[in-house]
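# Analysis of the macromolecular model
Letter by letter, the chains look like this.
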Amino acid sequence: MATYYWVGGAGNWNSTNSTNWAASSGGSGGAGVPTSSDDVRFDVNSGSGNIAIGSGATCLAFIYSNTATIGFTSTGNYVAAYGDFTVTASGSSALEGLRISFNATTTAVTSPSNTKIGYISFVTGTATGVASVGRVIFNASAIWALGGGDAYVDAVYSASGGTPGITGGVLYVTPGASFQAIDTSGFTFNGTSIVIQNSANACAIAYSVSSSNAPNLTVNTTQTVDISASAVKNLTFNAGTLSTVPSYLYVYGDLYFGASVTISATSCIFKVQKVVGSPTVTRSVEMHPTVSSSYGNTYGIEVSAGADTIQFVGTNFCSSTNPWGYIIASTPTTFTATTVYSEWISSSSTISVSGVTTLYSSHIDLGVSATLGSCAFHLKQFTRATYACAFYGSGLSYASLTLDSNVANSVYGNNTFGNLTCSTALGAGSGKSLKFDDGSTQTVTGTFTLSGGSASDSVSLTTINGTSAATISKASGTVNASYSTISYSNATGGATFKAPLLTNTDGGNNTGWVFSGGATGNFFSFF
């Protein structure tokens, strides 16, 4: 094994040219041509200019000192290195034209984070250490082991078969102008976190991994991001626009979307799941993005996380103008967000909303194992869809239910409500209906409000199928209905239920209501 020093400034590095290779620093050229068994060094005596990398350029160890200023160019050729790679030139731009491939069983990589290497191709074996690289290309089953360090890249590619990958550390990606940030297949990210940095360019992320090899992904760019990934561990989307996402993106850790994020994709469904055999933990979901209000767009979170408990956290979970689409939970779920806005919420497992002050949704089905606390429920129709609203009770006691939207509102099951409110404001322009399950019993312990704003802003009380009456039970006090049409209603329990015919209509099949002050049905004037 020999050590060769570059001398003479600009020149050609290929399999035949020995002009610029010396046996000592600053020595005479012509000492020979490095082979895969020889180290090469670039230092203060290497001169200036660029080294053109040609066919057959190879070495054992590649060593570039902090005193070197010589640069590199390449039209596609790589230096084939079979040993360690060491750069000590901090802040240098001289290596941005270097293309080098690592071919050893093990390669130790040492390079300052503020000195960018143009291209690194991991051909085989395991490279340990960190670097700043323009484009990283993986072949076969090569591994880049970052340890606990940080690596900085513009793009990562896998060029051929096998199972290449990155282990440990944090991979900071700053998208370039003409290529995807991550484009890999058959890849593994073992304990690695990927952070997409802000740049002037859009970002595309494509990879396919198993659940146990899913990386942490953090997005900090203000640009458009396309994700074609199969899974992530923790997904943290702080800024930017998510324009493309697969039909389902599997999340095996925490999920966060900040208020500076826009989701423009027409469909965005996150499956929050658990890696088989992993420890039982509590995980969080927090969502504040701006989402498209276009009819038919789908935004969902499906929780099926085994024994893990999923917490929906934050002061507000989305907003009235930017509600989430649907949340379906089949494993333990807890809501601690103060206010929740989601078009659809249902659970077939244990769920707690005891930490929620107000929950707005057009479809509420929390099941029999819900912990409710003092959560105030609002049936609300959002702009993304124009379907009726539904509350699926399960024989539990709910603090309150308010019907916010002027649509059909159906209440299923036998339920107890602290307060139950169906009202419209004067000038609303349309009415709303409250429909109970046929034959069901609704018990109100506080206030039952059935009030329209005017004849053109009226409300109606009836049953869903109109085949049998539902019972509304209130133990004491007086219910004063106004601008209401009432049918299939059995009012009982001890309270007085008044519906003066001056503003109300007896639609038939009622008991317990006091209709007085005018004729039932249509009004006729005779002159």
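No experiment lies behind these values; they were computed from the predicted model shown. Position labels on residues start from 1 in each chain and follow its written sequence. Local features in this predicted model are restricted to residues of pLDDT 70 or higher, and side-chain atom pairs are both shown and tallied only at a pLDDT of 80 or more, whereas totals for entire chains, interfaces and linings draw on every residue. The basis for every side-chain value is the complete set of non-hydrogen atoms in the structure, without hydrogens or water.

## Quick notes on the overall build of the chain
Scanning the chain from N- to C-terminus turns up 0 helices and 56 strands. The C-alpha radius of gyration computed for the chain amounts to 34 Å, which surpasses the reference 24 Å derived for 527 residues by more than 25%, pointing to a less compact arrangement than a globule. Seen through its principal axes, the chain has C-alpha atoms that stretch 120 × 50 × 30 Å. Burial here depends on accessible area, computed with a 1.4 Å probe over protein chains only, as a share of the maximum for the residue type. Under 20% is buried, over 50% is exposed, and the range in between is partly exposed. Looking at the 527 residues of the chain, the share that counts as buried comes to 52%. Once local pairs closer than 6 in sequence are excluded, the contacts in the chain between residues at least 24 apart make up 39%. For every accessible area listed, the method is Shrake-Rupley and the probe measures 1.4 Å; residues are considered covered only by the protein chains on display. Summed over all atoms, the accessible surface of the chain reaches about 19800 Å², with 48% contributed by carbon and sulfur. Comment: elements are numbered from the N terminus, with helices defined as DSSP H or I runs of at least four residues and strands as E runs of at least two. The globule rule used here is 2.2 Å times the number of residues to the 0.38 power, and the radius of gyration it is set against is calculated over C-alpha atoms. Whether two residues are in contact is decided by their heavy atoms, any of which lying within 4.5 Å being enough.

## Overview of the nonpolar core
Residues belong to one nonpolar core when they are buried, are Ala, Val, Leu, Ile, Met, Phe, Trp, Tyr or Cys, and are joined through side-chain atoms within 4.5 Å. In terms of nonpolar packing, the biggest core is built from 139 residues, with Trp-13, Phe-42, Trp-144 and Trp-513 touching the most fellow members. The element best represented in this core is strand E16 (residues 143–158), accounting for 5 residues.

## Here we look at the packing of aromatic side chains
Note on ring pairs: Phe, Tyr and Trp rings are taken, using the six-membered ring of Trp, and paired if centres are within 6.5 Å. Classes follow the plane angle, with under 30 degrees stacked, over 60 edge-to-face and the rest tilted. Inspection of the entire model under this criterion finds 34 aromatic pairs. A ring pair is formed by Trp-13 and Trp-21, whose centres lie 5.1 Å apart and whose planes are at 75°; its orientation type is edge-to-face. Of the two residues, Trp-13 and Trp-21, both sit in the buried class. On the numbers, 4.8 Å between centres and 10° between planes, the contact of Phe-122 with Phe-138 is stacked. Pair noted here: Phe-122 is in strand E13 (residues 116–122) and Phe-138 is in strand E15 (residues 132–138), with a separation of 16 residues, a long-range link. Given the relative accessible area of 0%, Phe-138 is considered buried. The ring centre of Tyr-119 lies 3.8 Å from the NZ or CZ of Arg-99, which sits over that ring. Should the NZ of a Lys or the CZ of an Arg lie within 6 Å of a ring centre and within 35 degrees of the ring normal, that charge is described as sitting over the ring.

## A look at the sheet that holds strand E51 (residues 478–480)
The pairing criterion for strands is at least two bridges between them, as found by DSSP. Sheet architecture is open: 3 strands sit in the order E51-E54-E56, paired in parallel fashion. Looking at strand neighbours, the two that pair on one side only are E51 and strand E56 (513–514), the edges of this open sheet. When strand E54 (residues 496–498) meets E56, the two strands line up parallel, connected through 2 bridges. Its bridge partner being in E56, Phe-497 is matched across the sheet by Trp-513.

## Brief notes about the layout of surface pockets
Using a 1 Å grid laid over the protein atoms alone, points where a 1.4 Å probe fits but cannot get out form a cavity; open sets with protein on both sides within 12 Å along at least 5 of 7 lines form a pocket; any residue with an atom within 4 Å of a point counts as lining. Grid points are joined across faces, edges and corners, and a volume is the space filled by probe spheres set on the points. Approximately 280 Å³ is the volume found for the largest pocket. Lys-233, Tyr-252, Gly-253, Val-275 and Ser-278 are, among the 20 residues lining the largest pocket, the residues nearest its centre. For this scheme, ten residues count as nonpolar: Ala, Val, Leu, Ile, Met, Phe, Trp, Tyr, Cys and Pro. Four count as charged, namely Asp, Glu, Lys and Arg, and the remainder, Gly too, count as polar. A breakdown of the residues in the lining of the largest pocket according to their chemical character gives 5 nonpolar, 10 polar and 5 charged.

## Considerations on the side chain of Ser-433
Along the chain, Ser-433 falls in strand E46 (residues 432–436). Residue classification places Ser-433 among the buried positions, given a relative accessible area of 11%. The contact partners of Ser-433, leaving out residues within four places of it in the chain, are Leu-403, Val-407, Ala-408, Asn-409 and Ser-460.

## Describing the pattern of salt bridges
Salt bridges are identified by distance alone: a Lys or Arg side-chain nitrogen within 4 Å of an Asp or Glu carboxyl oxygen. Summed over all chains, the structure comprises 4 salt bridges. Note that Asp-154 and Lys-116 form a salt bridge whose closest N and O atoms lie 3.0 Å from each other. Highlighted residues: Asp-154 in strand E16 and Lys-116 in strand E13, separated in sequence by 38 residues. Residue class for Asp-154 comes out buried when judged on its relative accessible area of 15%. Relative accessible area serves as the criterion here: at 27%, Lys-116 is assigned to the partly exposed category. Several salt bridges share partner residues, and in doing so they unite Lys-274, Arg-283 and Asp-308 into one network.

## Some details on the state of the cysteines
Two cysteine sulfurs form what is called a disulfide whenever their separation falls within 2.5 Å. Inspection of every chain in the model, using the stated rule, returns 0 disulfides. Here Cys-389 is not cross-linked by a disulfide; its sulfur's nearest cysteine counterpart is in Cys-422, at 11 Å.

## Some words on the side chain of Asn-297
Looking at the element boundaries, Asn-297 is found in the loop between strand E30 (290–291) and strand E31 (298–304). Exposure remark for Asn-297: the relative accessible area of 14% places this residue in the buried category. Contacts described as polar in this section are N or O atom pairs within 3.5 Å, which, within protein, must combine one atom able to donate a hydrogen with one able to accept it, while residues neighboring in sequence count only if both atoms come from side chains. Engagement of the side chain of Asn-297 in a polar contact is seen with the side chain of Tyr-299, the distance being 3.3 Å. Each residue touching Asn-297, except ones within four places of it in the same chain, is listed here: Ala-265, Thr-266, Ser-292 and Arg-384.

## Topic: unusual backbone geometry
Glycine aside, negative phi is the norm for most residues, and most peptide bonds take the trans geometry. In this structure, Cys-318 takes a positive phi of about 60° despite not being glycine. The class of Cys-318 is buried, set by a relative accessible area of 5%. A positive phi angle is found at Asn-509, which is not glycine, with a value near 60°. Locating Asn-509 in the fold gives a position in the loop between strand E55 (505–508) and E56.

## Some points on the confidence of the model for the chain
Interpretation of the predicted coordinates at a detailed level should be avoided for regions scoring low in pLDDT. Looking at the chain, the pLDDT average stands at 93 and 97% of residues meet or exceed 70. Within a predicted model, pLDDT stands for the predictor's per-residue confidence, ranging from 0 to 100. The low-confidence segment residues 519–527, where pLDDT is below 50, has 4 contacts with residues more than four positions distant or belonging to other chains.

## With respect to the sheet that holds strand E5 (residues 50–53)
Strand order in this open sheet of 3 strands is E2-E5-E8, and the pairing throughout is parallel. The open sheet has two free edges, formed respectively by strand E2 (11–13) and strand E8 (71–74), since each of these has just one partner strand. Neighbouring strand axes in the sheet, compared pairwise and without regard to direction, differ in orientation by 35° on average. For E2 and E5, the ladder comprises 3 bridges, and the chain directions are parallel. Opposite Trp-13, over in E5, you have Ile-53 as the bridge partner. Lines fitted to C-alpha atoms define the axes here, with helix axes fitted over just the stretch in contact, and angles between the N-to-C directions of these axes take values from 0 to 180 degrees.

## As for the pairing of strand E28 (residues 267–273)
Burial runs high along E28: 5 of the 7 residues are buried. Relative to E28, strand E26 (residues 249–251) is paired through 3 bridges, and the arrangement is parallel. Across the sheet, Leu-249 pairs through a bridge with Phe-270, a residue of E28. Pairing analysis gives 7 bridges linking E28 to E31, with the strands arranged parallel. Each bridged residue has a counterpart across the sheet, and for Gln-273 the counterpart in E31 is Ser-304.

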